[in-house]
Amino acid sequence: MPEGHTLHRLARSHHKRFAGGVVRVSSPQGRFAEGAALVDGQVLTKADAWGKHLLHHYDSGLVVHVHLGLYGKFTESPLPLGDPVGEVRMRLVGAGRSGEPYGTDLRGPAACEVLLEPEVDALTARLGPDPLRRDADPDRAWHRIRRSQRPIGALLMDQKVIAGVGNVYRAEVLFRHGISPHRPGVKLTAEDWDDLWSDLCDLLKVGVRRGKIVVVRREHDHGAPAYAPDKPRTYVYRRQGEPCRLCGTTVLHSVMEGRNLFWCPGCQPS
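Residues numbered from 1 in each chain as written. Predicted model: local features only at pLDDT ≥ 70, side-chain atom pairs only at ≥ 80, totals over all residues. Heavy atoms only, no water.

A. Highlighting the side chain of His53. The residue His53 is located in strand β3 (residues 53-58) in this model. With sequence-adjacent residues up to four places away left out, His53 is seen in contact with Leu7, Asp48, His65, Val66, His67, Leu123 and Leu127. (Helix = DSSP H or I, 4+ residues; strand = E, 2+ residues; numbered from the N terminus. Contact = heavy atoms within 4.5 Å.)

Listed below in structure tokens is the structure:
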């Protein structure tokens, strides 16, 4: 599932290419035909993201909400787009303030729906602070974490606690600070949380800027290759059974609340 930096990159791209101009919205697949008709021909005023949720705001007050889920993907290209290929849930065509015509096709999202502003407010109210948003309040997350007996490895993945953090950033930020994913939230110190939040902000910003996850510090960026071709080099994520890049201890794997978990027991003692 794409992590928060991917959605923020998409929001920036869509805002740059479509905001300020009339867009044509269709659903070649047909599953979003009714929603597309509601916003087709309107001006897209803003595209932004909150965690793993992408939001297209229109001048009518309607908002198209997209959650990519496991399989959702946008493909973008200059016009003409040509005939739709595959199950295109939503096609967006237009030119923003630059005047350069562009188009994008959305396939396989978990959600693609039209919301009213109060519904958007209800959606974001259910989400925790997003480290990539200027209005993010880390104290909202800390208030929940410091009272919870759940392990910090689960809390970081809970979108109601923090929005936008996925499995890679969860595993890697905990390793970078030597914190066991099994440590209960109540055992985390305020200093621990400040360090985690600050690092998440920095790492996610790098992801937005470079379009890929970068988590290994420069002085450690050597040795074993990434866990798969075209994937990020990591400390522990997907490296179970291999020696830790720092201490040589075997990286472990388990499942926590239904999600794969990776950590080094040497660098992240319980």
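What follows continues from the structure just given.
B. Up close: the packing of aromatic side chains. Under the definition given, this model contains four aromatic pairs. Measuring from ring centre to ring centre gives 5.4 Å for Tyr227 and Tyr237, while their planes differ by 75°; the resulting arrangement is edge-to-face. Of the two residues, Tyr227 sits in the loop between α7 (190-210) and β9 (252-256) while Tyr237 sits in the loop between α7 and β9, which places them ten residues apart along the sequence. On the basis of an interplanar angle of 75° and a centroid distance of 5.2 Å, the ring pair of Tyr237 and Phe262 is categorised as edge-to-face. (Phe/Tyr/Trp six-rings, centres within 6.5 Å; stacked < 30°, edge-to-face > 60°.)

C. Just the pattern of salt bridges, in detail. As enumerated under the stated definition, the model contains 14 salt bridges in all. Here Arg183 makes a salt bridge to Asp192, at a shortest N to O gap of 3.0 Å. By relative accessible area, which is 24% here, Arg183 ends up partly exposed. With a relative accessible area of 19%, Asp192 lands in the buried category. What you see here is one network of salt bridges that share partners, running through Lys46, Asp48, Arg133 and Asp135. (Salt bridge = Lys/Arg side-chain N within 4 Å of Asp/Glu carboxyl O. Buried < 20%, exposed > 50% of the residue type's maximum accessible area, 1.4 Å probe, protein only.)

D. Quick look at the nonpolar core. The biggest cluster of nonpolar side chains holds 36 residues, and the ones touching the most others in it are Ile145, Ile152, Ile162, Tyr169, Leu188, Trp193 and Val236. Within the residue set of this core, elements represented by two or more residues are α4 (138-145), α5 (152-155), α6 (167-176) and α7. The leading source of residues in this core is α7, at eight residues. In this view, Trp193 contacts Pro138, Ala141, Trp142, Ile145, Leu156, Ile162 and Leu188; residues no more than four positions away in its chain are not counted. Leu44, Ala49, Val66 and Leu106 belong to the second-largest nonpolar core, a separate cluster that totals 25 residues. (Core = buried A, V, L, I, M, F, W, Y, C linked by side-chain atoms within 4.5 Å.)

E. Representation of the sheet that holds strand β6 (residues 88-95). Reading across the sheet, the four strands line up as β1-β6-β7-β5 and stay open at both edges, with antiparallel pairing between neighbours. Lying at the two open borders of the sheet, with one neighbouring strand each, are β1 (23-26) and β5 (73-78). When the angles between neighbouring strand axes are averaged without regard to direction, this sheet yields 15°. Here β6 runs beside strand β7 (residues 101-107); their pairing, made up of seven bridges, is antiparallel. (Pairing = 2+ DSSP bridges. Axes fitted to C-alpha atoms, helices over the stretch in contact; angles between N-to-C directions.)

F. Inspection of the sheet that holds strand β2 (residues 44-50) at higher detail. With antiparallel pairing, the four strands of this open sheet are ordered in space as β2-β3-β4-β8. Either end of the sheet is taken by a strand with one partner, and the two such strands are β2 and β8 (111-116). On average, each strand axis in the sheet is tilted by 20° relative to the strand beside it, whichever way the strands run. Of the strand pairs in this sheet, β3 and strand β4 (residues 62-67) are connected by five bridges, and their pairing is antiparallel.

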